[in-house]
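What follows is the residue order along each chain.
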Amino acid sequence: MKKILQIALAASFLFVSCKKEPGSVSGNVYYKFNDYVGNKPDAGATIKVFNLDKGAEPAVYEGSADVQGNYKVSGINPADYLLVVKSKTTTALTGDILQQLLKNAEGVKAVFGVDMMTFKSDIDMLSALNFTNDGLIAGMDTSNYTENEVKINENKAKIKKIVDSLLAKFPKDFVKAFDLYGAFGPKIEVKTIKVEETKDVNNNTDFGVTYS
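Here we summarise the structure given alongside this text. (Residues numbered from 1 in each chain as written. Predicted model: local features only at pLDDT ≥ 70, side-chain atom pairs only at ≥ 80, totals over all residues. Heavy atoms only, no water.)

So, helix H4 (residues 120-138)
The cut-off we apply is this: In this text, helices come from DSSP runs of H or I with a minimum length of four residues, and strands from runs of E with a minimum of two, each type numbered from the N-terminal end. A helix is expected to reach a length of 1.5 Å times the quantity of its residues less one. We call a residue buried when its accessible area falls under 20% of the maximum for its residue type, exposed when it is over 50%, and partly exposed in between, using a 1.4 Å probe and counting protein chains only. Our arc is simply the arc of the directions from the helix axis toward the C-beta atoms. Every residue pair with non-hydrogen atoms within 4.5 Å of one another is taken to be in contact.
Between its terminal C-alpha atoms H4 stretches 27 Å, which fits the 27 Å expected from 19 residues at 1.5 Å a residue. What H4 keeps buried is the set Ile123, Leu126, Leu129, Asn130, Asn133 and Leu136. End-on, the buried residues of H4 take up no more than an arc of 145 degrees, which puts them together on one face. Along H4, the residues that are exposed and aim more than 90 degrees away from the buried face are Ser121, Phe131 and Ala138. Contact partners of the buried residues in H4: strand S6 (79-93), helix H2 (94-103) and helix H5 (145-169).

Here it is as structure tokens:
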């Protein structure tokens, strides 16, 4: 009996000694209000830290930015994670949002089960059309206004067709996670991070100017 107790105590000690202390993720989220006011805090921005270790619990840690744009998500078990910061204030074209997800295709697939590489050609086409429209808008003057307006509207029709097609293919929970409901949605920052024992991952997010 005494031997069994000693073994149990030894096992308990080994478990406690092997258990890693949690880390955290903190930072500030802000955006550019205009050239005169400058940066403002993105109060209410949401922060989600998804565990890339399939089956690990908890699967996600959550937080939000305060009125000064600051946040801290504590008690995170050391591991690799997909960090997603979603703006409360700024918006972006859906094509730009999908490009962010495409650049982090491996992590997105691990968390949401969506293979962004499958949709790469469509997402790249969205980016090209949006880039072309930006150039047409910037170059509009009295001599070519009507001609450029026609081209812009043609491109917008193509963009809408591609976006509608993509959103119809995505799982509903994926669409909901990133508010992918139309031509534009909240700006996001997506990246893979490593949380280490007792350490803080500092991540500041600049969402720049909002889409208009």
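Some words on the environment of Gly107
Relative to the helices and strands, Gly107 resides in helix H3 (residues 105-112). Expressed as a C-alpha distance, the spacing of Gly107 and Gly23, which sit 84 residues apart in the sequence, is 20 Å. Not counting the four nearest positions on each side in its chain, Gly107 is found in contact with Leu52 and Leu82.

Side note on the packing of H4 against H5
Convention followed: Every angle, taken between N-to-C directions, lies between 0 and 180 degrees, and every axis is a line fitted to C-alpha atoms, over only the stretch in contact when it is a helix. Oblique is the label for any angle not under 35 degrees, not over 145, and not in the 65 to 115 range, which are roughly parallel, roughly antiparallel and roughly perpendicular in turn. Left-handed is the label given to a crossing in which the near helix is rotated counterclockwise from the far helix by less than a right angle, and right-handed is the label when the rotation is clockwise. Each residue gets one label: Ala, Val, Leu, Ile, Met, Phe, Trp, Tyr, Cys and Pro are nonpolar, Asp, Glu, Lys and Arg are charged, and the others, such as Gly, are polar.
At a closest axis distance of 10 Å, the pairing of H4 and H5 adopts a crossing angle of 160 degrees. One way to sum up the angle between H4 and H5 is to call them roughly antiparallel. Between H4 and H5 lies a crossing of left-handed hand. Every residue of H5 that contacts H4 at Asp122, Ile123, Met125, Leu126, Leu129, Asn130, Thr132, Asn133, Leu136 and Ile137 is listed here: Asn148, Lys151, Ile152, Asn155, Lys156, Lys158, Ile159, Ile162, Val163 and Leu166. For the contact of H4 with H5, the per-class residue count stands at 11 nonpolar, 5 polar and 4 charged.

What about the sheet that holds strand S3 (residues 46-51)?
Worth spelling out the cut-off: For two strands to pair, DSSP has to find at least two bridges joining them.
Judged by pairing direction, the sheet is antiparallel, and its 4 strands sit side by side in the order S4-S3-S6-S7 without closing on themselves. Either end of the sheet is taken by a strand with one partner, and the two such strands are strand S4 (60-64) and strand S7 (184-195). On average, adjacent strands in this sheet sit at an angle of 20 degrees to one another, irrespective of strand direction. Here 6 bridges tie S3 to S6, and the two strands are oriented antiparallel to one another. Within S6, the position partnered with Thr46 by the bridge is Lys86. Across the face of the sheet, H2 comes into contact with S6 and S7 while running at roughly 10 degrees to S7.

Concerning the packing of H2 against H4
Across the interface, H2 lies against H4 with an axial gap of 9 Å and an inter-helix angle of 135 degrees. Classed by the angle they form, the pair H2 and H4 counts as oblique. The chirality of how H2 crosses H4 is left-handed. In this structure, H2 uses Gly95, Leu98, Gln99 and Leu102 to contact H4, whose residues at the interface are Lys120, Ile123, Asp124, Leu126, Ser127 and Asn130. Looking at side-chain class alone, the contact of H2 with H4 contains 4 nonpolar, 4 polar and 2 charged residues.

A look at the side chain of Asn133
Residue placement: Asn133 occurs in helix H4. Those residues in contact with Asn133 that sit more than four places away from it in its chain are Lys151, Ile152, Asn155, Lys156 and Ile159.

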